[in-house]
Structures are given as C-alpha cells and as structure tokens.
Amino acid sequence: MIEIKNIGEYLKVNKIMPSVQRVKIFEYLYTKRNHPTVESIHKELIDEIPTLSKTTVYNTLKQFVEKGIIQIINIEDNETRYDADTSTHGHFKCIKCGIVYDFLFDNSDIKINGLDNFDIHQTHLYIKGICKNCKN
Ligand SMILES: [Zn+2]
Ligand SMILES: [Zn+2]
C-alpha cells in the first residue's frame, strides 16, 4: 500500500478536514492494519480520546469510504471491517483465531465468465479456513 508520511496532509488532499479524531482513527487503521471493526477501533482509542463515541467512529469511517481512502471488508454478514489498504488484495479469515490475513492476487489470476465488455472497478476475494498457526 502507499506510504503516508503526514496523515493530516493526506486527509486534506482527500478533502477531509483533519480533526484530531479523524487523524487518530485513520492512523489506527493505517498503522495496525488489522482490519478492525467500529467496536474495536472505539475500544482502542477511547482512553486516548475519552469524548469519542461509536457513532463518530462509524461516521468517520463512512466518510473515509466515500472519499475512497479506506475500503470495507464484508467477509462476515454480521461484521463490517475496515482496511486502509485500498489496493486490490484478498482476505483470508481464520475460523479459529478470527484473524483476517491479507494476501495478494492478480486480477489475471481469476477467470471471470459472463462479464464481457463490463468494466470491473473492484474485486473482492474472501477466503475462510484455518490459518497455519492454528493448524499446529
Ligand atoms: Zn488462526
Ligand atoms: Zn486487507
């Protein structure tokens, strides 16, 4: 994914006012890269920003998605996760430890039938299974 030196500037370039909360939320996503949910971001940042509400986290993430600087991962129906890496990559969720791993694939690796003359803007590849750490 792209290297970001100054998160405040990065938000400004993407037409987002860099409030302390927005900078902290983006910084969390960008540095941890653990595909967090609204709840886990809120839990991690509440000590640092006691005024932070879950609604603010949710609305901030929604804005980031709209501006295209993060992407949504819907690997589970009942769980929305967020990813600051918007490049095309796949997600593997371990059904034992719950960790979501990134993996790389190339669009040319996937044979798609039935979409001739369509423009593809996004490709999501979700795989579930058991990771190598849980297998041992
Ligand atoms: Zn695992
Ligand atoms: Zn990812």
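Predicted model, so just to flag it, every value in this text is computed and none were measured. (Residues numbered from 1 in each chain as written. Chains lettered and ligands numbered in written order. Predicted model: local features only at pLDDT ≥ 70, side-chain atom pairs only at ≥ 80, totals over all residues.)

Caption draft 1: Broad picture of the domain arrangement of the protein chain. Each domain of the protein chain was delimited in the assignment, giving domain 1 (7–83) and domain 2 (90–135). For domain 1 versus domain 2, the distance between C-alpha centres works out to 23 Å. The partner domain 2 presents four residues to the four residues of domain 1 that form the contact. (Domains from an automatic or database assignment. Contact = placed C-beta atoms within 7 Å.)

Caption draft 2: Structural context of the packing of helix α3 (residues 38–45) against helix α4 (residues 54–66). In contact at an axis separation of 9 Å, α3 and α4 are set at 120° when each is read in the N-to-C sense. The pairing of α3 with α4 is recorded here as oblique in orientation. Along this stretch, α3 crosses α4, giving a crossing that reads as right-handed. Of the residues in α4, those touching α3 at Val38, Ile41 and His42 are Lys54, Val57, Tyr58 and Leu61. The class makeup of the residues in the contact of α3 with α4 is five nonpolar, one polar and one charged. (Axes fitted to C-alpha atoms, helices over the stretch in contact; angles between N-to-C directions. Helix = DSSP H or I, 4+ residues; strand = E, 2+ residues; numbered from the N terminus. Parallel < 35°, antiparallel > 145°, perpendicular 65-115°, else oblique. Left-handed = near helix turned anticlockwise from the far one by under 90°. Nonpolar A, V, L, I, M, F, W, Y, C, P; charged D, E, K, R; others polar.)

Caption draft 3: The arrangement of the sheet that holds strand β5 (residues 126–129) in detail. Strand order in the open sheet formed by three strands is β4-β3-β5, with mixed pairing between adjacent strands. Where the open sheet ends on each side, the last strands, each with one partner, are β4 (100–103) and β5. Pairs of neighbouring strands in the sheet enclose a mean axial angle of 25°, with direction left out of account. As paired strands, strand β3 (residues 90–94) and β5 are joined by four bridges and run parallel to one another. In the strand pairing of β5, Cys94 is matched with Gly129. (Pairing = 2+ DSSP bridges.)

Caption draft 4: Region of interest: α4. Here α4 contains 13 residues, and its C-alpha end-to-end distance of 18 Å stays within 8% of the 18 Å for a straight helix at 1.5 Å per residue. Burial in α4 covers these residues: Val57, Thr60, Leu61 and Phe64. The arc enclosing the buried residues of α4, seen along the axis, measures out at 100°, which places them on a common side. Pointing more than 90 degrees away from the buried face of α4 are the exposed residues Thr55 and Glu66. Packed against the buried residues of α4 are α2 (20–32), α3 and β2 (79–83). Gly68 sits one or two positions beyond α4 and adopts a positive phi of about 80°. (Expected span 1.5 Å × (residues − 1). Buried ≥ 20, exposed ≤ 12 C-beta atoms within 10 Å, placed from the backbone. Arc of directions from axis to C-beta.)

Caption draft 5: Quick look at α2. A rise of 1.5 Å per residue sets the reference length of α2, with its 13 residues, at 18 Å; its end C-alpha atoms lie 18 Å apart and thus fit the reference within 8%. All of the buried residues in α2 are Arg22, Ile25, Phe26, Tyr28 and Leu29. For α2, the arc enclosing every buried residue in end-on projection is 150°, short of the 170-degree limit, so these residues lie on one face. Opposite its buried face, α2 presents the exposed residues Val20 and Thr31, each directed more than 90 degrees away. Buried residues along α2 sit in contact with α1 (7–13), α3, α4 and β2. Where α2 terminates, the next one or two residues include Arg33, which has phi positive at roughly 50°.

Caption draft 6: Molecular detail of the environment of Asn133. In this fold, Asn133 is placed in helix α5 (residues 132–135). With 10 C-beta atoms counted inside 10 Å, the residue Asn133 sits in the exposed group. Taking the C-alpha atoms as reference points, Asn133 and Cys94, 39 residues apart in sequence, are found 9.7 Å from one another.

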